[in-house]
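Read off the chains here:
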Amino acid sequence: MLKLDLQRTDLNPEELAWLEQAFRRCARRILLATTLAGSGHPGGSLSSLGLLLMVYALARVNPEKPRDPERDRVVVSHGHISPGVYSVLAEYGFFPEEPFLLEFRRAGSAFAGHVEQAVPGVEWNTGNLGQGLSAACGMARALKLRGLSARVFCLMGDGEQQKGQVIEARRWAIKFGLNNLCVLIDYNRLQIGGDTYQVMPQDLRAEIEATGWNLIEVNGHDFSALYRALRNFLLGEVPHPDRPTAILAHTVMGHGISFMENDAKWHGAPLSPDLCRKALSELGFDPAELDHWMEKRKNHPVSFPHQPHEPEPVEIDPGEPILYEPEVKTDCRSAYGKALLSLAERNNLPGKPPKVLGLTCDLEGSVKMTAFRRHSPLAFHESGIQEHHTAAVAGALSREGFLVFFSTFGVFAVDEVYNQMRLNALNRTALKVVSTHLGADVGEDGPTHQCVDYLGLLLSLKDFEIYLPADPNQTDRIVRFAATQPGNVFVGMGRSKVPVITDEEGRPFFGRDYRFRPGRADWLRRGEHATFVTYGAMVPRCLSAREILRERGLSVGVLNVASVRPFPREDLLSAAEIGPILVAEDHLVETGLGSLVARELALAGKTIPLCLRGWTEYPSSGKPDELFARAGLDPESLARSMEELLKKS
């Protein structure tokens, strides 16, 4: 495995010879793997190959310890060049070439069509273009916060520079001084649609310089030029040593194979067996070896072990809960802000790297992060109006041994960044998303800001726990609980002030002895005839409806489902044993809690009268109480709906 000495200003003949031979060996693997799989992206893999070889020759990585906390990170944003990445990792000893060639793109294989962390040496699952730089920013920031000297290399395609998130990440990297970050752009000027300038005009040099980065332009197939450029970055010999560096590498699609060069069709198409044999001959290899591998692949079982890639753990002291007495009327977001401050006071200690980080997008006051910022200015990250980047960078930070809270409004935390959250889930991040301003409780801001579809989206994100507190006390307990969880957690709440939920003696229901239990619901009131099943902003409305019904001689319970995932199935079935169920929620009926309740009842074989109350269309602008009344979600309307349901039972 080649490792280069930065003391020399250029490569020696032996090093150049090794790199040229390594290029041929890796190109062979790229062609074999894609032809054997019958799919893949050989063209960009070949144009990026020199960049990959040089980065791994300089990066502080160890195949024997691929997850060493002090390693350099190599992020490949254009994940479709996986044949090139896997070929180079095999060259540098991370694994043998055989499992890669025989298992590439097969069901259950670690060697997926786009790079995944299941393969040793891969830092981030990519493929949705434009997000790798955000992840690299998160890793670079984490290294800075921990005082480590490691660097982050991010390889990107030229086509993905068209993505707006890339510009967001560039600005963020400048703001937070990520001079330990180097981006290498494979500038082959071709993408699926053909010439990149014809697809979308773009002056990459001007754009990169406009965001304040150091920029170095090189021939991406000249190993000496690449070495000198990377050496300048690593030694800080750039115009602005306190800023990140971009290397714009001019390359040729399909480099090294005469009939593939500068032809966009090889971006995402493998060579036929005949053309693969021809290409192998050009590289100086026996073309007949393709037949050997084709025969061997037929009966080879997928067996290469997937590398574990859980987030680095962080020990958190959740602190003591804050108790809000019944006479206090505040909003859940303020309770979140106080809980977050408490976590910072317990865990972000003087003279040590912070453990608890907070990120928001120009909404510090609205999401109640001001006290946290004042206490832990180094841990607070104001990311501007850049939700896509912030969701991704927060996810990457959460894998690096930090407890990370990302807070913004519901429409921005869920609807706008769904794809980023999906990649976070695929990357097994440990992000805590605390979303305020959910539902029509936003009121006068109108339907563009009334996030009434969040559960339908979140329930499609595997492994995200979903918690929706009913009042400030439960918010405090849930936030502290989430702080101790190793995976992704979503905590959601409205904007308005809400009453403290009490028991039937008038004491706080979620009092000092209350412990939040995921997968369990809260029987706020027991009833003999029927049950309201609800959560969040609808809880006080259902409690008021219960009192209306009690005065009319009906005994109706209220079951608070704060834990949507994991779902409290046993508590729901207990409610079904009592009688009819009315689900009330500040959410679209088709995709919210009601549809989840209906599914669980059906799967359990329970046939009971069921009524779903929520939004049947997007609400309008107006005061929350007026909007809820128009939709039949006010206490009187809910009581009437329950009476009608009981009459039918």
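Anything mentioned here points back to the structure above.
Residues numbered from 1 in each chain as written. Predicted model: local features only at pLDDT ≥ 70, side-chain atom pairs only at ≥ 80, totals over all residues. Heavy atoms only, no water.

Moving on, we get to the overall build of the protein. When you go through the protein residue by residue, the secondary structure sums to 23 helices and 21 strands. Here the C-alpha atoms of the protein give a radius of gyration of 28 Å, agreeing with the 26 Å that 2.2 N^0.38 yields for 649 residues. Along the first, second and third principal axes, the C-alpha atoms of the protein reach 90 × 55 × 45 Å. Taking as baseline every contact in the protein between residues at least 6 positions apart, the subset at least 24 positions apart corresponds to 79%. (Helix = DSSP H or I, 4+ residues; strand = E, 2+ residues; numbered from the N terminus. Rg over C-alpha atoms; globule rule 2.2 N^0.38 Å. Contact = heavy atoms within 4.5 Å.)

The next subject is the pairing of strand β7 (residues 245–250). Of all six residues in β7, five are buried, a share of seventy percent or more. In this sheet, β7 lies alongside strand β3 (residues 181–187) in parallel orientation, the contact comprising six bridges. The residue bridging Tyr187 from the neighbouring strand is His250, located in β7. The parallel pair strand β6 (residues 214–219) and β7, bridged by helix α9 (residues 223–235), forms a crossover whose chirality is right-handed. (Buried < 20%, exposed > 50% of the residue type's maximum accessible area, 1.4 Å probe, protein only. Pairing = 2+ DSSP bridges. Right-handed = clockwise from strand over helix to strand, strands pointing away.)

Within this structure, the stated rule accounts for 44 salt bridges. Between Arg346 and Asp317 there is a salt bridge, with the nearest N and O atoms lying 3.0 Å from each other. Placement of Arg346 in helix α12 (residues 332–347) and of Asp317 in the loop between α11 (289–298) and β8 (329–331) is noted, with a sequence separation of 29 residues between them. We classify Asp317 as partly exposed; its relative accessible area is 32%. In this structure, Lys623 and Glu444 form a salt bridge, with 3.6 Å as the shortest nitrogen-oxygen distance. (Salt bridge = Lys/Arg side-chain N within 4 Å of Asp/Glu carboxyl O.)

Attention now goes to the nonpolar core. Of all hydrophobic cores here, the largest spans 140 residues; its most connected members are Leu133, Leu181, Phe405 and Phe532. Considering each element in turn, this core owes the most residues, nine residues, to helix α5 (residues 132–145). Among all residues touching Leu133, those that are not within four sequence positions of it are Ser77, Cys154, Met156, Val166, Ala169, Arg170, Leu181, Val183 and Trp213. Within the second largest apolar cluster, 76 residues are counted, among which are Val88, Phe111, Phe233 and Ala249. (Core = buried A, V, L, I, M, F, W, Y, C linked by side-chain atoms within 4.5 Å.)

Considering the arrangement of structural elements, one finds Gln474 in helix α18 (residues 472–483). Owing to a relative accessible area of 0%, Gln474 belongs among the buried residues under this scheme. Discounting residues that sit within four places of it in the chain, Gln474 has contacts with Pro469, Phe510, Tyr514, Phe516, Asp522, Asn560 and Ala562.

Moving on, we get to the sheet that holds strand β11 (residues 403–409). Here seven strands make up an open sheet; going across it, the order is β10-β9-β11-β12-β14-β13-β19 and the pairing mixed. Unpaired on one side and paired on the other, β10 (380–382) and β19 (563–565) mark the two borders of the sheet. Each adjacent strand pair in this sheet contributes to an overall mean axis angle of 20 degrees, direction not counted. (Axes fitted to C-alpha atoms, helices over the stretch in contact; angles between N-to-C directions.)

So, about the packing of aromatic side chains. The final tally for this structure, using the stated rule, is 21 aromatic pairs. A ring pair is formed by Phe95 and Phe111, whose centres lie 5.1 Å apart and whose planes are at 65 degrees; its orientation type is edge-to-face. Of this pair, Phe95 sits in the loop between α3 (82–91) and α4 (97–103) while Phe111 sits in the loop between α4 and α5, and the two are 16 residues apart along the sequence. Here Phe95 falls in the buried class, since its relative accessible area comes to 6%. By relative accessible area, which is 0% here, Phe111 ends up buried. Summarising the aromatic geometry, the rings of Tyr467 and Phe516 are spaced 4.8 Å apart at their centres and angled 75 degrees between planes, so their arrangement reads as edge-to-face. Residue Tyr467 is located in strand β13 (residues 465–467), and its partner Phe516 is located in the loop between β15 (497–499) and β16 (522–525); the two are separated by 49 residues in the primary sequence. Of the two residues examined, Tyr467 and Phe516, each falls in the buried class. Chaining the aromatic ring pairs together yields one cluster made of Tyr86, Phe95, Phe100, Phe104, Phe111 and Phe304. A cation over a ring is seen here: Arg25 above Trp18, with NZ or CZ 5.7 Å from the ring centre. (Phe/Tyr/Trp six-rings, centres within 6.5 Å; stacked < 30°, edge-to-face > 60°. Lys NZ or Arg CZ within 6 Å of the ring centre and 35° of its normal.)

Right, let's get into the packing of helix α10 (residues 273–283) against α11. Packed helices, taken two at a time, are described by the angle between their axes plus the distance between the axes. At a closest axis distance of 9 Å, the pairing of α10 and α11 adopts a crossing angle of 130 degrees. Between α10 and α11, the interaxial angle falls into the category oblique. When α10 is examined against α11, the residues Pro273, Cys276, Arg277 and Leu280 are found in contact with a partner set consisting of Glu289, Leu290 and Asp291. Here the contact of α10 with α11 is composed, by residue class, of four nonpolar, no polar and three charged. (Parallel < 35°, antiparallel > 145°, perpendicular 65-115°, else oblique. Nonpolar A, V, L, I, M, F, W, Y, C, P; charged D, E, K, R; others polar.)

This part is about the sheet that holds β7. Adjacent strands of a sheet form backbone hydrogen bonds with each other and so pair up, either parallel or antiparallel. Spatially, β1-β2-β3-β7-β6 is the arrangement adopted by the five strands of the open sheet, whose pairing is parallel. Two strands close off the open sheet at either side, each with one partner strand: β1 (73–76) and β6. Strand after strand, the sheet turns through a mean of 20 degrees between neighbouring axes, direction not considered. Summarising the sheet, β1 and strand β2 (residues 152–157) pair through four bridges and their orientation is parallel. Following the sheet pairing, Val75 is matched in β2 by Cys154. Sheet contacts for helix α2 (residues 42–58): β1, β2, β3 and β7; angle to β3, the most-contacted strand, approximately 155 degrees. Packed onto the sheet, α9 meets β2, β3, β6 and β7 and runs at close to 165 degrees relative to β6.

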